[in-house]
Amino acid sequence: MRLGAVDGKGEAMTATGGLTIAGLDHLVLRVTDLTAMMAFYTGVLGCSVEKIQDNLGLYQLRAGSALIDLVPVDGPLGQKGGAAPGPEGRNLDHFCLRVEPFDADSIVAQLRAHGADTAPVASRYGAEGQGPSIYVSDPEGNVVELKGPPDPAP
């Protein structure tokens, strides 16, 4: 059985030994421009600064029940990670933040007011099922999916 697999009824299955994934705790992005990235995640997406650990070069932002950690590539932690993200190599394909309430027009307007380009609103499958989402790129090219609630059951 795969870790985090879902059975045909949408029920979470556990791995051998009883390991159960409850949700996303945090993700870490290695960044080259901390100022731009902090401005995007706090000013555009509304995350709040939770904890700064200067001695490590770790900036932790609250995103609902999870954290987004920003690690400058030239800091103590960042230097351990190899090449910096850029056009030829990204940290990840994308990550998804569940947004509540989800008003697509207001979200797109807010993003565009901050100069961000968005992909069209589309229905995509996520942890809660099929529902609306919007893709936007942060200042360093990481794609962030903003996900709404699942569509009503037919």
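Now for a look at the structure at hand. Predicted, not measured: the structure shown is a model, and the values here were computed from it. (Residues numbered from 1 in each chain as written. Predicted model: local features only at pLDDT ≥ 70, side-chain atom pairs only at ≥ 80, totals over all residues. Heavy atoms only, no water.)

1. With respect to the overall build of the protein chain
For clarity, the cut-off: What counts as a helix is a DSSP run of H or I of at least four residues, what counts as a strand is a run of E of at least two, and both are numbered from the N terminus. Only protein chains enter the accessibility calculation, which uses a 1.4 Å probe; a residue whose area is less than 20% of its type maximum is buried, one above 50% is exposed, and one in between is partly exposed. The contact criterion used is simple: two residues touch if any of their non-hydrogen atoms lie within 4.5 Å. With residues, only the protein chains shown are counted as cover, and all accessible areas are computed by Shrake-Rupley using a 1.4 Å probe.
Regarding its fold elements, the protein chain presents two helices and eight strands. Walking the protein chain from its N terminus toward its C terminus, one meets helices and strands in the order β-α-β-β-β-β-α-β-β-β. Considering the protein chain as a whole, with its 154 residues, one finds that 36% of them fall into the buried category. For the protein chain, restricting intrachain contacts to residue pairs at least 6 apart in sequence, the fraction spanning at least 24 positions comes to 45%. Surface exposure of the protein chain reaches about 9,200 Å², of which carbon and sulfur atoms provide 54%.

2. Considerations on the side chain of Glu145
Our working rule: Only four residue types enter the charge count, namely Lys and Arg as positive and Asp and Glu as negative; His and the chain termini do not. Salt bridges are defined by distance alone: a side-chain nitrogen of Lys or Arg within 4 Å of a carboxyl oxygen of Asp or Glu.
Note that Glu145 resides in strand S8 (residues 143–147). At 4.8 Å, Arg124 is the nearest oppositely charged side chain to Glu145, a buried residue that forms no salt bridge. Those residues in contact with Glu145 that lie beyond four places of it in its chain are His94, Phe95, Cys96, Leu97, Arg124, Ser133, Ile134 and Tyr135.

3. Concerning the environment of Gly115
Relative to the helices and strands, Gly115 resides in the loop between helix H2 (104–113) and strand S6 (122–126). The exposure class assigned to Gly115 is exposed, which follows from its relative accessible area of 60%. Between the C-alpha atom of Gly115 and that of Val44, which follows or precedes it by 71 residues, the distance is 9.5 Å.

4. Quick word on the sheet that holds S8
Convention followed: At least two DSSP bridges between two strands are needed for those strands to be called paired. As a rule, the C-alpha atoms of each element are fitted with a line to give its axis, helices using only the stretch in contact, and angles between N-to-C directions run from 0 to 180 degrees.
Strand order in the open sheet formed by four strands is S5-S8-S7-S6, with mixed pairing between adjacent strands. Pairing within the sheet leaves two strands with one partner each, and these edge strands are strand S5 (94–98) and S6. Each strand of the sheet is rotated relative to its neighbour by a mean of 45°, with strand direction disregarded. In this sheet, strand S7 (residues 129–137) lies alongside S6 in antiparallel orientation, the contact comprising five bridges. Pairing of Ser123 across the sheet is with Pro132, part of S7. Sheet strands touched by H2: S7 and S8. Its angle to S7, the strand with the most contacts, is close to 10°.

5. A look at the pattern of salt bridges
Pairing between side chains of opposite charge can happen when their charged atoms approach one another. Per the stated rule, a full pass over the model turns up three salt bridges. Here Arg98 makes a salt bridge to Glu100, at a shortest N to O gap of 2.9 Å. When its relative accessible area of 36% is taken as the criterion, Arg98 is described as partly exposed. Glu100 sits in the exposed class, given a relative accessible area of 60%. The structure contains a network of salt bridges with shared partners spanning Arg98, Glu100 and Glu128.

6. Notes on the sheet that holds strand S1 (residues 26–31)
In spatial order, the strands read S1-S4-S3-S2; together these four strands make up an open sheet with mixed pairing. In the strand order of this sheet, the two ends are held by S1 and strand S2 (48–53), each with one partner. Between one strand and the next, the sheet's axes are offset by a mean angle of 25°, whatever the strand orientation. Across five bridges, the pairing between S2 and strand S3 (residues 58–63) is antiparallel. Its bridge partner being in S3, Ser48 is matched across the sheet by Arg62. Each of S1, S2, S3 and strand S4 (66–72) touches helix H1 (residues 34–44); the most contacted strand, S4, lies at about 165° to it.

7. Section: the packing of aromatic side chains
Selection rule: The rule is short: rings of Phe, Tyr and Trp, with Trp giving its six-membered ring, pair when the centres are within 6.5 Å, and they are stacked under 30 degrees, edge-to-face over 60, tilted in between.
Per the counting criterion, the structure on display carries two aromatic pairs. Ring centres of Phe40 and Tyr41 lie 5.0 Å apart, and the angle between their planes is 85°; this geometry places the pair in the edge-to-face category. Assessed through its relative accessible area of 6%, Phe40 is described here as buried. The exposure class of Tyr41 is buried, given its relative accessible area of 0%.

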